[in-house]
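Structural overview for review
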Amino acid sequence: MSHTAKTPRLLAALVAFTMLAAACSDSGSSAPPTTTTTPPTTVATTTTTGPQYRATIRRTENNVPHITADDMGSLGFGYGYAFSEDHLCTLADVIVQVNSEQAKYHGTGFEQDVVYKAIDLKGRARTDFEGLQTDIQDLIRGYAAGYNSYLEEVGPDGVSGWCRGADWLRPIDEYDLAAYYRKLTLRASLDNFTEMAFTAVPPSNTNSSAPATPSSDTSETALASEAIGFGSLSGASATTPLASNAWAIGPDRTLDGTTMLMGNPHFPWQGSLRFYEVQLTVPGKINVYGASLLGSPGVNIGFNDAVAWSHTVSAGSRFTAYMLDLVPGDPTSYKYGNETRKMTSKTVSVEVLNPDTGAVTSEDHTIWFSHYGPVLNFPVIGWSDQAVITIRDANEDNNEIIPQYLGMDMAGSMDEFIAAHRDNQGIPWVNTIAASADGRIWYADTSATPNLSPDAIANWRAKVDAGGLEKIAYDNRVVLLDGSDPANEWVDEPGARDPGLVPFDKMPQLERTDFVFNANDPYWITNPAQPLTGYSPLHGLVEQQLSPRTRMNAIQLGTDNGDSGSDGLYTLDELAASAVGNRVLTAELLVDEVLARCEQAGDSAPPSATAGCLVLAKWDRHVNLDSRGAVVWREFISRIGNDVWGVPFDPSDPIGTPSGLAPAIGGDDQVLATLATAVDEVRSGGFALDAPLGDLQFADRGGKRIPIHGGTGSEGVTNIVTFSNDHSTSEPSMSRGTRVSEGSGLTTDGYPVTYGTSFIYALEFTADGPVAKAFLTYGETGDPSSPFFSDQTQRFSDKAWRNVAFTESAISADANLETYEVTG
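Residues numbered from 1 in each chain as written. Predicted model: local features only at pLDDT ≥ 70, side-chain atom pairs only at ≥ 80, totals over all residues. Heavy atoms only, no water.

**Description of the side chain of E764**
Heads up, the condition is: Every helix listed is a DSSP run of H or I at least four residues long, and every strand listed is a run of E at least two residues long, numbered separately from the N terminus. Each residue is assigned to one of three classes by its accessible area relative to the maximum for its type, calculated with a 1.4 Å probe on protein chains only: buried under 20%, partly exposed between the two thresholds, exposed over 50%. By the counting scheme adopted, Arg and Lys are positive, Glu and Asp are negative, and His together with the chain ends is not counted. For this analysis, a salt bridge means a side-chain nitrogen from Lys or Arg found within 4 Å of a carboxyl oxygen belonging to Asp or Glu. Any pair of nitrogen or oxygen atoms within 3.5 Å is treated as a polar contact; in protein, a donor-acceptor pairing is required on top of that, and neighbouring residues in sequence qualify only through side-chain atoms on both sides. Two residues form a contact once any of their heavy atoms are found within 4.5 Å.
Inspection of the secondary structure puts E764 in strand β31 (residues 759–766). One buried charged residue, E764, forms no salt bridge at all, with the nearest opposite charge on K773 at 9.2 Å. For E764, the side chain forms a polar contact with the side chain of T258, separated by 2.7 Å. Here E764 is in contact with D256, T258, T259, M260, L572, G769, P770 and V771, once residues within four sequence places are set aside.

Here you go:
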């Protein structure tokens, strides 16, 4: 490859051209780069006399790459190369996963390896890829070639970050990437129950992994315990939950009659679910700026000249669970209407490393399937002689995710943007909030959703209302159906991406001229002035209590007590300030009442509660770095939860209720007792009650402790920051420290932050084009030794928004500009 640049590091690539050319082939093999062979049904074999790929990479402030090429293959090459300079370890590790090689290289992950092989993840990915359009195939092949070119240039020992020198660093191909994209679609389903599928064994069998002991206990205690299992199945209680806020502001609510957008995905600050900020350009074809999940070939959240968008994780159902009524004496057969159906099984072999000896051996394991999908060893229920649970996944056949996003990236208007959703329906598990240069704003939940008949929905709702297992399941966002009743099959309808899914025209959507938003509650309150109803409950239930964070979003966007100034009209600066304004809904509604309760109790109040009230009286009711008292309130509200409210939720006032402080009952004042406990917990950690939040809440970025503003969803803060230990890769996890108590997020070090606000941007479509400000809170690299590992964390801490360099003039004028060319 050829790589011309300003630094010795980059100039060194020129010397390596002849050695590295082989890595630039489409498959990453040792074939010479002058010949590219692809499946004859899609792309003909071509021969070139020069480099197959050529791209220009320009790095601007905070090391953001802007990649320009003359064709999609070269664009992918440049992107794969630039990305690998910063994050090769993470993608390499994910490729190990999708090839079912975690146990082989890491000695862990055997369960997931087995399940991925059993569902033929890699084989399905190959079929996915070969059905793509030529331009998309070229882009993905080019990305793999760029990755391989960089790896060949530096070698495993030259890779930056936590995987340096690993024996599993190898060239990749387009099918590896396609398998990763298929894995991404399963984030809200399969990846939450691989262990349940792995341990599902018929009761008469003896296997290396025994099933949970089936329970015949139907007491309230036993049923309640099942909620733990349902929570893990839903994805709501996954190791790394995903959330977000997104706002689109229409011309009725902006000072200049423009449209604006604010996107704030709450994602991990470690692992494979991080974002990478980039601009991708092929003149006359694509020019898009934004952020991609690591390893994605296009932009997932961002903007072009015509449209801007962001996503929030949908509250809808991405699968249905089915209880099967088993045939007596034959636990691998189940009743289905008037017939009996046999389960199927697949036995696969996975290589496993013995960490003590270094030996690798092959181990077999069997996965069981109903006609719906994998059979699960569900907690408490297990697999008995009478019943077992199985699931059907709405994203099982989702091979449209990459065409979906490239259609969005290239959209030239809101109509074209909406058409990308209608024509592909490849969005796996997120809502979309968008604004366009022609003055339109749009919300939609086009996530893959099971399509049940009205009768099936009515029967299921009746069982939920009656209580029991169906209610426990749905309280944990799982739709549980009778799998032995054919009436509960998904219904095929014209216009759906795949059989059995809700078609595009029946998905929740809303266009307005003031604002639309979402903060992970169902579609119902996309705009409080126009509640949405009439959609399948599998998109989420309506007239249910909203989260404090959703309510705070709505209040900030409103005109009575909002953040758009006295005129109620946003400027871009006001929009950006609101996104990190750090207001606290529960404090705005309740602190005064808590202070009054302390005053009313007088000397009878617990001394610690009195001390807490003295601090809260001086608190600014925000979660900024200098906010004193925020720690006491967080510990209080996280303990008392929904019991804090005195006035219950009213569906006719979803933003205003619940409200008011819960009354004391007799001599028992739960509010003051909980406040006293919160104060004692803060003190037990060795912290002053009035310590500024920035003294306690921090991110460790390469050994540098950076104070972080923001709060939690239970407080009613929109700018979410918290701790979550991500296990999406084998990268060593960040340490949480010692918690002061089991029920607290406070540790003896404070509040470490490893999750939350990630790629946050605010944009306005002005008369001169899009103007945007942004942070990528954890920076552009996964290498803790790099200055780009902490630079944007400090910028976020300071609320020092970076002006996005989108135009040629802005890129050229950037004081940090570094330009180099890569070829292969």
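**Here's the deal with the sheet that holds strand β26 (residues 697–701)**
Operational definition: Strands qualify as paired when DSSP identifies two bridges or more between them.
Pairing in this open sheet of three strands is mixed, and the strands run β27-β26-β29 from one edge to the other. Across the chains shown, the open sheet's two edge strands, defined by having one partner strand only, are β27 (704–707) and β29 (751–752). Both β26 and β29 contribute to a ladder of two bridges, which runs parallel. Among the inter-strand pairings, Q697 is bridged to a residue of β29, identified as Y751.

**A word on helix α16 (residues 572–579)**
Note the following rule: Each direction from the helix axis to a C-beta atom contributes to the arc, which is the arc of those directions.
Those residues of α16 that sit buried are L572, L575, A576, S578 and A579. Along α16, the residues classed as buried sweep out an arc of 160° about the axis, all on the same side. Buried residues belonging to α16 abut β6 (243–249), β7 (260–268), α15 (548–557), β31 and β32 (769–776).

**Re the pairing of strand β23 (residues 515–518)**
Covered by surrounding structure in β23 are F515 and F517 together with V516 and N518, the residues of both alternating faces. Bridge analysis of β6 against β23 gives four bridges, and the strand direction is antiparallel. Considered in β23, the bridge of I249 is made with F515.

**Topic: the state of the cysteines**
The criterion, for reference: Cysteine sulfur atoms that pair up within 2.5 Å are treated as a disulfide.
Scanning all chains against the criterion turns up two disulfides. For C89, the disulfide goes to C163, at an S-S distance of 2.0 Å. Taking the sign of the torsion about the S-S bond as the criterion, the disulfide between C89 and C163, at about -85°, is left-handed. Here C163 lies in the loop between α7 (134–154) and α8 (174–185) and C89 lies in helix α3 (residues 72–98), a separation of 74 residues in the sequence.

**A few points about the packing of aromatic side chains**
Put simply, the test is: Side-chain rings of Phe, Tyr and Trp, where Trp is taken by its six-membered ring, are said to pair if the distance between their centres is within 6.5 Å; with planes under 30 degrees apart they count as stacked, over 60 as edge-to-face, and otherwise as tilted. Cation placement over rings: the criterion is NZ of Lys or CZ of Arg within 6 Å of the ring centroid and within 35° of the ring normal.
In the structure shown here, the tally under the stated rule is 28 aromatic pairs. A ring pair is formed by Y79 and Y143, whose centres lie 5.3 Å apart and whose planes are at 75°; its orientation type is edge-to-face. One end of the pair, Y79, is in helix α3; the other, Y143, is in helix α7, and 64 residues separate them in sequence. By the burial criterion, Y79 is buried, and Y143 matches it. By way of ring pairs, the aromatic residues Y289, F303, F759, Y761 and F806 are connected into one cluster. Cation over ring: R701 sits above F789, and NZ or CZ is 3.8 Å from the ring centre. Geometry around F698 places R705 over its ring, the cationic atom sitting 3.7 Å from the centre.

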